[in-house]
Amino acid sequence: MTEMAFYDRITKLTAMAFGKSINPHLVRDAAATTTAIHDPSHVRHIAAILGHRSSATAERYYQQAQSLEAHRMFANELVTWRKTPIETEQDS
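Residues numbered from 1 in each chain as written. Predicted model: local features only at pLDDT ≥ 70, side-chain atom pairs only at ≥ 80, totals over all residues. Heavy atoms only, no water.

## So, the overall build of the chain
No. 1: Counting secondary structure elements, the chain contains four helices and zero strands.
No. 2: Counted from the first residue to the last, the chain has its helices and strands arranged as α-α-α-α.
No. 3: Counting all 92 residues of the chain, 16% fall into the buried class.
No. 4: The long-range fraction of contacts in the chain, counting pairs at least 24 apart against all pairs at least 6 apart in sequence, stands at 29%.
No. 5: Of the roughly 7600 Å² of accessible surface on the chain, a fraction of 58% belongs to carbon and sulfur atoms. (Helix = DSSP H or I, 4+ residues; strand = E, 2+ residues; numbered from the N terminus. Buried < 20%, exposed > 50% of the residue type's maximum accessible area, 1.4 Å probe, protein only. Contact = heavy atoms within 4.5 Å. Areas by Shrake-Rupley, 256 points an atom, 1.4 Å probe, with all protein chains shown as cover.)

## Some words on helix H2 (residues 24-38)
No. 1: A rise of 1.5 Å per residue sets the reference length of H2, with its 15 residues, at 21 Å; its end C-alpha atoms lie 21 Å apart and thus fit the reference within 8%.
No. 2: Residues of H2 that are buried include every one of Pro24, Asp29, Ala32, Thr33 and Ala36, and no others.
No. 3: Two or three places before His25, at the start of H2, stands the capping residue Asn23, its side-chain oxygen 3.0 Å from that residue's backbone nitrogen. (Expected span 1.5 Å × (residues − 1). Polar contact = N/O pair within 3.5 Å; in protein donor to acceptor, adjacent residues only side chain to side chain.)

## A look at the nonpolar core
Taken as a class, soluble globular proteins show a tendency for nonpolar side chains to be buried jointly.
No. 1: Counting five residues, the largest nonpolar core is built from Ala32, Ala36, Val43, Ile46 and Leu50.
No. 2: For this core, the secondary-structure elements that each account for two or more residues are H2 and helix H3 (46-50). (Core = buried A, V, L, I, M, F, W, Y, C linked by side-chain atoms within 4.5 Å.)

## Re the side chain of Thr14
No. 1: Relative to the elements of secondary structure, Thr14 occurs in helix H1 (residues 3-18).
No. 2: Judged by its relative accessible area of 10%, Thr14 falls in the buried class.

## Let's talk about H1
No. 1: The terminal C-alpha atoms of H1, which comprises 16 residues, lie 22 Å apart, in line with the 22 Å expected from a rise of 1.5 Å per residue.
No. 2: Backbone geometry just downstream of H1 places Gly19 in the positive-phi region, at approximately 80 degrees.

## Concerning the confidence of the model for the chain
No. 1: Residues of the chain with pLDDT of at least 70 account for 87%, and the chain-wide mean is 82.
No. 2: For the chain, per-element mean pLDDT is lowest for helix H4 (residues 56-83), which scores 77, and highest for H1, which scores 95. (pLDDT = per-residue confidence, 0-100.)

Put into structure tokens, the structure is as follows:
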């Protein structure tokens, strides 16, 4: 199978499965990021799984996962803050 045939097959299958095509690079990115988010104790295995020479790339995914978690926590705080009634001078 050529690289282009592999690319076409992956994008076609993901489009059928998810309603949107996902290219092979994004599948690899998702695998690495998912590992970093859900199993951070094994983040150093990402380099071997993806065939990278160093763990520097895996560290990037781990940092991306930490940023995503920080964003989720911030968004949850905003939701809580928006639901909190504002105290006015008349309420005091």
